[in-house]
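For reference, the chains in residue letters:
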Amino acid sequence: MSGAVAGSARGRRALGVVTAAVLVVVYVPLAVVVINSFNRSRTFGWPPAGFTLSWWARAWHSTGARSALATSVEAGLGATAVALLLGTMAAFAVSRYRFFGRETVSFLVLLPIALPGIVTGIALNNAFRVLGLPFGLLTIIIGHATFCIVLVYNNALARLRRLGGSLEEASMDLGAGVLQTFRFVTFPQLRSALLAGGLLDFALSFDEIIVTTFTAAPGVQTLPLWIFGNLFRPNQAPVVNVVAAALIVLSVVPVWLAQRVAGDAGGGRF
Amino acid sequence: MAVAAPATTTGDVRLEGVTKRFGSVLAVDDITLDIASGEFFALLGPSGSGKTTCLRMIAGFEQPTSGKVWLAGRDVTSVAPFDRETNTVFQDYALFPHMTVAQNVGYGLMVKRVAKSERRHRVEAVLGTVRLDGYADRKPAQLSGGQRQRVALARALVNEPRVLLLDEPLGALDRKLREEMQLELKQLQRDVGITFLFVTHDQDEALTMSDRMAVFNGGRLEQVGAPAEIYDRPATPFVADFIGTSNIVEGAPARALFGSDGVFSLRPERLRVLAESDRVSADESSAEGRLVDVVYAGATLRRVVALDAGPVFVVTDATSASGSSPELQRGARVRLTWKPSSLYRLG
């Protein structure tokens, strides 16, 4: 009996060590990037030679980085908006109606995120050429939306299934029409699920590089593409470091928000 | 309503040859039913008997496959729920979790664009009616089951519906609270004076609360009538068995016991168990058998007797009653007696 207890205590300690090791491997490199963005040495010698904000100042004034950032934000917002619209509509259709092929919809929506990005990228590239669509922000947004839809769809579908239809029936029973019911009852119940899905979508779109490579135009670069292009130009390395550090912070915020939003405000039924 | 009701109107709610199929399942099979204005009416039946589907067709959540639904003389068969003068208390209450009690109750008035001051006034009044004054700013999650039930009631009643529909309204409450609410609902219905139509699978609830009831089985109506009528004169063996308990006898045992073919019902509380040697009074019939089980259930004593003629009868006595012989042990030879007037012939 006591042996079992001691064994489980030892097991727990071992598990703690492994967990710590994994966290170190994942997060120490990220910390190094952030620290190096303040490192006075241009070659990033370790330990850091001294503290400086000059790389941050240079990055701030880099027009290439700034326009890439703007493109990324636009693409992220655009892809998220498309995903919110289509994902919500698909979730409604699947949860509230019966129709031919209903069981297949989830699979079709999920597939783009499971497919290798390079396959999606090449396929979209070909399709845009055939359709004669000029490459640019629009094509990037479409490309990102293909794999963003699933996050909104899954979140919304899970919420709609949990809600069932009785709140909506109650609303209509009390005299509300279809639009009033959506506005006052369904949407408030769905809001946190959509917000969580949207925030994750933005984060996903923001750092996407493979599909973007195949759908961007030479003049329209997202931030990840800009970083990739400037990474091996020695003059730009410190600026890239700063941009990477900024990106870490920018990515953490939506993911953290999404988790909080999904965690509370779940809204049970009564 | 400004529209004059046709002369054929007999009451508030009328189902006319209503049938509902879900795919290949026949949920409601050609039901015709009239419910008078101001009645407390119960739809009673086991689960899957079609009673809830009927309620949902009256509320407008389901459309009949064939037949018509009338509300106050108006054909509402294909009218949407939000255009009907009915309101529903849902089995799970379906309160809006993101709204306060006052917002829940005021919802129907809000979507109908009733002025804010009048809304507040009416919400306050109806919360008083269901004894929830002071709870206006709570969220449903902060209420007990009984309080949620009252909010659901208030939310429906504030709209002053012509007919209030209640779907197993007390199903989620514990027994004590349920019995309290039964009386309270009954009182409430007398106070507001509108038609209450409620669905239940609990025969005690239906007997206690309703003015009249309809017994459902397998999508069909077995019997419609006042509780006493249905209890004392069940129209079918199903009703006799479903409402209360009945000892039902047919065929050869019926011939042996009652001297006639047919289906007979004897209520357990109308039977007495005597020792085999006891004398039977002249105005009673009797049969011999063996006591096979004795169950003490607080207020009642429930005994099972296997008659020599074949059937097994259940007998219940109030534990305080003196007429029956409570000292008899399991396995004893006994004599069952009953007044011939207690015997009810089903068919």
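Residues numbered from 1 in each chain as written. Chains lettered and ligands numbered in written order. Predicted model: local features only at pLDDT ≥ 70, side-chain atom pairs only at ≥ 80, totals over all residues. Heavy atoms only, no water.

**Student:** Run through the overall build of chain A, naming residues and quoting values.
**Tutor:** A tally of helices and strands in chain A yields eleven helices and zero strands. Sequence-ordered secondary structure for chain A, helices as α and strands as β, is α-α-α-α-α-α-α-α-α-α-α. When the backbone C-alpha atoms are referred to their principal axes, chain A occupies close to 75 × 70 × 35 Å. Every one of the 270 residues in chain A was classed for burial, and the buried ones make up 41%. (Helix = DSSP H or I, 4+ residues; strand = E, 2+ residues; numbered from the N terminus. Buried < 20%, exposed > 50% of the residue type's maximum accessible area, 1.4 Å probe, protein only.)

**Student:** An account of the sheet that holds strand E16 (residues 312–318) of chain B is needed here, citing residue identities and associated values.
**Tutor:** Residues and elements named next belong to chain B. Sheet architecture is open: five strands sit in the order E13-E17-E14-E15-E16, paired in antiparallel fashion. The strands lining the two open edges of the sheet, one partner per strand, are strand E13 (272–275) and E16. Direction aside, the axes of adjacent strands within the sheet are offset by 45° on average. Taken together, the six bridges between strand E14 (residues 285–297) and strand E17 (residues 333–338) define a ladder with antiparallel strand orientation. When the sheet's bridge partners are listed, Ser-286 is paired in E17 with Thr-337. (Pairing = 2+ DSSP bridges. Axes fitted to C-alpha atoms, helices over the stretch in contact; angles between N-to-C directions.)

**Student:** Account for the side chain of Thr-52 of chain A, naming residues and giving values.
**Tutor:** With respect to the helices and strands, the residue Thr-52 of chain A is situated in the loop between helix H1 (2–36) and helix H2 (54–61). The contacts of Thr-52 of chain A, once residues within four sequence positions are left out, are Ser-37, Phe-38, Asn-39 and Arg-40 of chain A. (Contact = heavy atoms within 4.5 Å.)

**Student:** Go over the sheet that holds strand E18 (residues 344–345) of chain B, please, and point to the residues and values.
**Tutor:** All names here are of chain B. If you trace the three strands from one edge of the open sheet to the other, you get E11-E12-E18, paired in antiparallel fashion. Bordering the open sheet on either side are strand E11 (247–250) and E18, each of which pairs with just one other strand. When E11 meets strand E12 (residues 263–266), the two strands line up antiparallel, connected through four bridges. Bridge assignment links Ile-248 to a residue of E12, and that residue is Ser-265.

**Student:** If you had to explain the packing of aromatic side chains to someone new, which residues and values would you point to?
**Tutor:** Throughout the structure, instances matching the rule amount to twelve aromatic pairs over all chains. On the numbers, 6.0 Å between centres and 80° between planes, the contact of Phe-128 of chain A with Phe-135 of chain A is edge-to-face. Judged by its relative accessible area of 4%, Phe-128 of chain A falls in the buried class. The class for Phe-135 of chain A is partly exposed, based on a relative accessible area of 24%. Ring centres of Phe-61 of chain B and Phe-90 of chain B lie 5.7 Å apart, and the angle between their planes is 35°; on these two criteria the pair is classed as tilted. Residue Phe-61 of chain B is located in the loop between helix H1 (51–59) and strand E4 (66–71), and its partner Phe-90 of chain B is located in the loop between strand E6 (86–89) and helix H2 (101–111); the two are separated by 29 residues in the primary sequence. As far as the burial class goes, Phe-61 of chain B and Phe-90 of chain B line up, both buried. Taken together through their ring pairs, the aromatic side chains of Phe-38, Phe-51 and Trp-56 of chain A make up a single cluster. Sitting over the ring of Trp-60 of chain A, Arg-66 of chain A keeps its end group 4.8 Å from the ring centre. Across the ring face of Phe-96 of chain B, the terminal group of Arg-155 of chain B is positioned such that the distance to the ring centre comes to 4.8 Å. (Phe/Tyr/Trp six-rings, centres within 6.5 Å; stacked < 30°, edge-to-face > 60°. Lys NZ or Arg CZ within 6 Å of the ring centre and 35° of its normal.)

**Student:** Go over the environment of Ala-240 of chain B, please, and point to the residues and values.
**Tutor:** Residue and element names in this part refer to chain B. Looking at the element boundaries, Ala-240 is found in helix H8 (residues 237–242). Residues Ala-240 and Arg-267 lie 27 residues apart in sequence; the distance between their C-alpha atoms is 8.7 Å. Setting aside anything within four residues of it in sequence, one finds Ala-240 in contact with Pro-234, Thr-245, Ser-246, Ile-248, Ser-265, Arg-267 and Leu-346.

**Student:** Just give me the short version of the packing of helix H3 (residues 63–96) of chain A against helix H6 (residues 137–163) of chain A, but keep the residues and values in it.
**Tutor:** All names here are of chain A. H6 packs onto H3 with a crossing angle of 40° between their chain directions and a minimal axis gap of 5 Å. By the angle class used here, H3 and H6 are oblique. Both H3 and H6 take part in a crossing whose hand is right-handed. Residue composition of the contact of H3 with H6, grouped by class: 21 nonpolar, six polar and three charged. (Parallel < 35°, antiparallel > 145°, perpendicular 65-115°, else oblique. Left-handed = near helix turned anticlockwise from the far one by under 90°. Nonpolar A, V, L, I, M, F, W, Y, C, P; charged D, E, K, R; others polar.)

**Student:** Describe the confidence of the model for chain B, with residues and values.
**Tutor:** Residues and elements named next belong to chain B. This prediction gives chain B a mean pLDDT of 86; 95% of its residues lie at or above 70. Mean pLDDT per element in chain B: helix H9 (residues 252–258) is the minimum at 77, and H2 is the maximum at 95. Between residues 1–9, whose pLDDT stays under 50, and residues either more than four places distant or in other chains, the model counts five contacts. This complex was scored by the predictor with a pTM of 0.75 and an ipTM of 0.79. (pLDDT = per-residue confidence, 0-100.)

**Student:** Lay out the nonpolar core in plain terms, naming residues and giving numbers.
**Tutor:** The biggest cluster of nonpolar side chains holds 41 residues, and the ones touching the most others in it are Val-105, Leu-153 and Leu-164 of chain B. Top element by residues in this core is helix H4 (residues 145–157) of chain B. It accounts for six residues. Ignoring anything within four residues of it in the chain, the contact list for Val-105 of chain B reads Val-123, Val-126, Leu-127, Val-151, Ala-154, Arg-155 and Val-158 of chain B. In terms of nonpolar packing, the next biggest core, distinct from the first, is built from 39 residues, Ala-170 and Phe-184 of chain A together with Tyr-107 and Val-199 of chain B among them. (Core = buried A, V, L, I, M, F, W, Y, C linked by side-chain atoms within 4.5 Å.)

**Student:** Account for the environment of Val-312 of chain B, with residues named and values stated.
**Tutor:** All names here are of chain B. Along the chain, Val-312 turns up in strand E16. C-alpha of Val-312 to C-alpha of Ile-248: the two residues are 64 residues apart in sequence and 9.4 Å apart in space. Those residues in contact with Val-312 that sit more than four places away from it in its chain are Asn-247, Val-304, Val-305 and Ala-306.

**Student:** How would you sum up the packing of helix H5 (residues 117–131) of chain A against H6 of chain A? Please name residues and give values.
**Tutor:** When two helices pack together, their arrangement is given by the angle between their axes and by how far apart the axes lie. Residues and elements named next belong to chain A. At a closest axis distance of 11 Å, the pairing of H5 and H6 adopts a crossing angle of 140°. What the angle tells us is that H5 and H6 run oblique. Note that H5 runs across H6; the crossing there is right-handed. Facing Thr-120, Leu-124 and Phe-128 of H5, the residues of H6 in contact are Thr-139, Ile-142, Gly-143 and Thr-146. For the contact of H5 with H6, a count of residues per class yields three nonpolar, four polar and no charged.

**Student:** So what about the side chain of Ser-166 of chain A? Which residues, and what values?
**Tutor:** You can see Ser-166 of chain A is positioned in helix H7 (residues 166–173). Taking the relative accessible area as the measure of exposure, Ser-166 of chain A reaches 12% and is therefore buried. A polar contact of 3.4 Å, which involves the side chain of Ser-166 of chain A, links it to the side chain of Asp-92 of chain B. (Polar contact = N/O pair within 3.5 Å; in protein donor to acceptor, adjacent residues only side chain to side chain.)

**Student:** Explain the pairing of E6 of chain B to me, and be specific about the residues and the numbers.
**Tutor:** All names here are of chain B. Of the two faces of E6, the one holding Thr-86 and Thr-88 and the one holding Asn-87 and Val-89 are both buried throughout. Here E6 pairs with strand E7 (residues 163–167) via four bridges, running parallel. By the bridge assignment, Thr-86 is partnered in E7 with Val-163.

**Student:** An account of the interface of chain A and chain B is requested, with residue identities and associated values reported.
**Tutor:** On the chain B side, the residues contacting the 20 residues of chain A number 29 residues. Between chain A and chain B the total buried area reaches about 2000 Å² when both faces are included, carbon and sulfur atoms providing 62% of it. Of the charged contacts, one joins Arg-56 of chain B and Glu-169 of chain A as a salt bridge, the two residues approaching to 2.6 Å between their closest N and O atoms. Linking chain A with chain B are nine residue pairs in polar contact (both at pLDDT 80 or more), by the criterion used here. Of all elements in the fold, only H7 and helix H8 (178–206) of chain A reach the threshold of two or more residues within the side of chain A that touches chain B. (Buried area = accessible area lost by both parts, 1.4 Å probe. Salt bridge = Lys/Arg side-chain N within 4 Å of Asp/Glu carboxyl O.)

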